[in-house]
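# Understanding the architecture of this molecule
Here is what each chain is made of, one letter per residue.
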Protein chains: 2
Amino acid sequence: MRREGIALVLSAPSGAGKTTLIKRLLAEFPHFGYSVSCTTRRPRQGEVHGKDYFFLSREEFERCRAEQSFAEWAEVHGNFYGTPLAPVKEMLRQGQDVLFDIDVQGAAQLKLTLEEAAFAFILPPSMAELERRLRGRGLDDEETIQRRLNNARREMLETRWYDALVVNDDLDAAYDALRAVYLAATLAPGRNPRLVEELLAR
Amino acid sequence: MRREGIALVLSAPSGAGKTTLIKRLLAEFPHFGYSVSCTTRRPRQGEVHGKDYFFLSREEFERCRAEQSFAEWAEVHGNFYGTPLAPVKEMLRQGQDVLFDIDVQGAAQLKLTLEEAAFAFILPPSMAELERRLRGRGLDDEETIQRRLNNARREMLETRWYDALVVNDDLDAAYDALRAVYLAATLAPGRNPRLVEELLAR
């Protein structure tokens, strides 16, 4: 009675608490796989090709992109990053769930290339609280904080197509909501194509 | 930040454990409303018009049906039963969640009249276990048990359009899945149309 894998796609503005929520999710459901991304940036000390990233030349990356081999791709600070589609599809086919931690632009591409994925966006309870959290971390200068707040506003206005909006006000409630999105996704008939047939035979 | 109500529609074969699961759901989420159905059967001792049912004449029922006033309707043993659509839509608009405990035929009609509803079908872990449970209840004669098993098989083969299939093998796991379907439904952007706007203003 093996089901197909779930591609669970999570996005959130910086400071919304996504990292904490993902840690809890992986603590309860440690079986999630990750996809290894391709990048044209140089390997950093200790990074392993095929484990941390597939390190490609610009020409190799552009050939993959032309062949539509990426589930999503982006250019960041002059370097390309991309998620190869075939390994993700193969993991899902084998029943392996895959977690994506990705911004709205990347998620929007995944919506077009992985139709069966489940998309959740984690929201701060208010802009004032988001600002308070960003300042409380003490990681960013004023300009960075303002940029993060602007990005948050822009991203939050592009979330209508997500499957779920999770407000992270109370962490326990937000986690309960996030795990519900994941569990509900596992129950879809399309992801359990032989379930009824197998139950009827037993 | 009030969201729209969820119409949560649950179906299951007799013996799958739906009643137990609904009791747990209402214990955790006691705010669910029920819709009062219309029927052409005579009131039984103590039944109150407008509370247990709206008791209609056959002519009244047929007029409502012709006006497409029912979210779903059925004829059972020569009597008509129907769910009036307008009060359900009004409850949902006011943010009141509404629970429907209904067979596959009724649920299929609700799918067409309440597009935004969430549909879950509760499955037994096997036909052998379903039969064991039906016999264990000691309520039905052999003919009734065979009829229930045949109905179960027929209904289970019509569940591809449900949002979620919940296998009731372990009761705690089945309940966790059912509440996930409900919670995930509450998070859909379409049911929280002003959420982001309100968060951005705070």
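Residues numbered from 1 in each chain as written. Chains lettered and ligands numbered in written order. Predicted model: local features only at pLDDT ≥ 70, side-chain atom pairs only at ≥ 80, totals over all residues. Heavy atoms only, no water.

This part is about the overall build of chain A. Along its length, chain A carries eight helices and eight strands. Computed over its C-alpha atoms, the radius of gyration of chain A comes to 18 Å, within 12% of the 17 Å expected for a compact globule of 202 residues. Overall, chain A is about 65 × 45 × 30 Å in size when its C-alpha atoms are taken along their principal axes. Evaluated residue by residue, chain A yields a buried proportion of 47% over its 202 residues. (Helix = DSSP H or I, 4+ residues; strand = E, 2+ residues; numbered from the N terminus. Rg over C-alpha atoms; globule rule 2.2 N^0.38 Å. Buried < 20%, exposed > 50% of the residue type's maximum accessible area, 1.4 Å probe, protein only.)

Looking now at the domain arrangement of chain A. All names here are of chain A. Once the domains are mapped, chain A shows domain 1 (1–33 + 96–202) and domain 2 (35–95). A straight line from the C-alpha centre of domain 1 to that of domain 2 covers 21 Å. At the junction of the two partners, domain 1 supplies 17 residues and domain 2 supplies 14 residues. Both faces combined, the contact of domain 1 with domain 2 buries some 1200 Å², and carbon together with sulfur accounts for 61% of it. On the surface where domain 1 and domain 2 come into contact, there are zero salt bridges. Between domain 1 and domain 2 we count four residue pairs in polar contact (both at pLDDT 80 or more) in total. Elements with a minimum of two residues in the side of domain 1 that touches domain 2: β6 (98–101) and α4 (104–113). Partitioning the side of domain 1 that touches domain 2 into residue classes produces seven nonpolar, six polar and four charged. (Domains from an automatic or database assignment. Contact = heavy atoms within 4.5 Å. Buried area = accessible area lost by both parts, 1.4 Å probe. Salt bridge = Lys/Arg side-chain N within 4 Å of Asp/Glu carboxyl O. Polar contact = N/O pair within 3.5 Å; in protein donor to acceptor, adjacent residues only side chain to side chain. Nonpolar A, V, L, I, M, F, W, Y, C, P; charged D, E, K, R; others polar.)

Moving on, we come to the interface of chain A and chain B. Listed as interface residues are 34 residues of chain A and, on the opposing side, 34 residues of chain B. Summed over the three residues of chain A that lose the most area to chain B, namely Leu187(A), Pro189(A) and Leu200(A), the buried surface amounts to 22% of that side. At the surface where chain A touches chain B, the tally comes to two salt bridges. The interface formed by chain A and chain B includes 10 residue pairs in polar contact (both at pLDDT 80 or more). Sorting the residues of the side of chain A that touches chain B by element identifies α5 (127–137), α6 (142–156), β8 (164–167), α7 (171–186) and α8 (195–200) of chain A as the ones contributing at least two each.

So, on to the relation of the copies chain A and chain B. Overlaying chain A on chain B yields an RMSD of 0.0 Å, the required transformation being a rotation through 180° with an accompanying axial translation of 0.0 Å. Viewed as a symmetry operation, the transformation between the two copies matches a two-fold axis. Looking at the rotation axis and the C-alpha trace of chain A, the residue lying nearest is Ala180(A), at 2.1 Å. Both copies contact each other with a shared surface, as 100% of the interface residues of chain A are interface residues in chain B too. (Least-squares fit on C-alpha atoms with pLDDT ≥ 70 in both.)

As a further point, take the packing of α5(A) against α6(A). All names here are of chain A. It is at 11 Å that the axes of α5 and α6 come closest, and there the two elements cross at 145°. Here the hand of the crossing between α5 and α6 comes out right-handed. Together, Met 127, Leu 130, Glu 131, Leu 134, Arg 135 and Arg 137 of α5 and Glu 142, Ile 145, Gln 146, Arg 148, Leu 149, Ala 152, Arg 153 and Met 156 of α6 make up the contact between the two elements. When grouped by side-chain class, the residues that make up the contact of α5 with α6 number seven nonpolar, one polar and six charged. (Axes fitted to C-alpha atoms, helices over the stretch in contact; angles between N-to-C directions. Left-handed = near helix turned anticlockwise from the far one by under 90°.)

Summed over all chains, the structure comprises 30 salt bridges over all chains. Put simply, Lys18(B) and Asp101(B) hold a salt bridge, and the shortest N to O gap is 2.4 Å. Of this pair, Lys18(B) sits in helix α1 (residues 18–28) while Asp101(B) sits in strand β6 (residues 98–101), placing them 83 residues apart in sequence. Judged by its relative accessible area of 14%, Lys18(B) is buried. Between Arg58(B) and Glu62(B) there is a salt bridge, with its nearest N and O atoms 3.9 Å apart. On the criterion of helical spacing, the pair formed by Arg58(B) and Glu62(B) is a turn pair, its members being four residues apart in helix α2 (residues 58–66). Given a relative accessible area of 33%, Glu62(B) falls into the partly exposed group. Each of the salt bridges in this network shares a partner with another, and the network as a whole consists of Glu28(A), Arg179(A) and Asp176(B).

Residue and element names in this part refer to chain B. Strand direction decides the pairing type here: strand β4 (residues 70–76) and strand β5 (residues 79–84), joined by six bridges, are antiparallel. The residue of β5 that forms the bridge with Val 76 is Asn 79. Between β4 and β5, which pair antiparallel and follow one another directly, the connecting turn spans two residues, one of which, His 77, has a positive phi of 50°. (Pairing = 2+ DSSP bridges.)

A few words now on the packing of aromatic side chains. Residues and elements named next belong to chain A. Summed over all chains, the structure comprises 22 aromatic pairs over all chains. The cationic tip of Arg 65 hangs over the ring face of Trp 73; the distance from NZ or CZ to the ring centre is 4.6 Å. Sitting above the plane of the Phe 80 ring, Arg 65 keeps its charged end 5.1 Å from the centroid. (Phe/Tyr/Trp six-rings, centres within 6.5 Å; stacked < 30°, edge-to-face > 60°. Lys NZ or Arg CZ within 6 Å of the ring centre and 35° of its normal.)

It is worth spelling out unusual backbone geometry at this point. Residues and elements named next belong to chain A. Positioned with a positive phi, Gln 68 is a non-glycine residue whose angle comes to about 55°. Take Gln 68: it is sitting in the loop between α2 (58–66) and β4 (70–76). Take Gln 68: its relative accessible area is 68%, and that puts it in the exposed class.

Spanning 15 residues, α6(A) covers 21 Å between terminal C-alpha atoms, matching the ideal 21 Å at 1.5 Å per step. Elements that come into contact with the buried residues of α6(A) comprise α4, β7 (118–123) and α5 of chain A together with α8 (195–200) of chain B. (Expected span 1.5 Å × (residues − 1).)

Residue and element names in this part refer to chain A. Taken together, the four strands give an open sheet; going across it, the order is β3-β2-β5-β4, and neighbouring strands pair in mixed fashion. Sheet topology places β3 (53–55) and β4 at the edges, where each strand pairs with a single neighbour. Strand-to-strand twist in this sheet, taken as the mean axis angle between neighbours without regard to direction, amounts to 25°. Direction of pairing for strand β2 (residues 37–39) relative to β3: parallel, over a ladder of three bridges. Its bridge partner being in β3, Ser 37 is matched across the sheet by Tyr 53. Its contacts with the sheet place helix α3 (residues 85–93) against β4 and β5 (79–84), and it is angled at close to 30° to β5.

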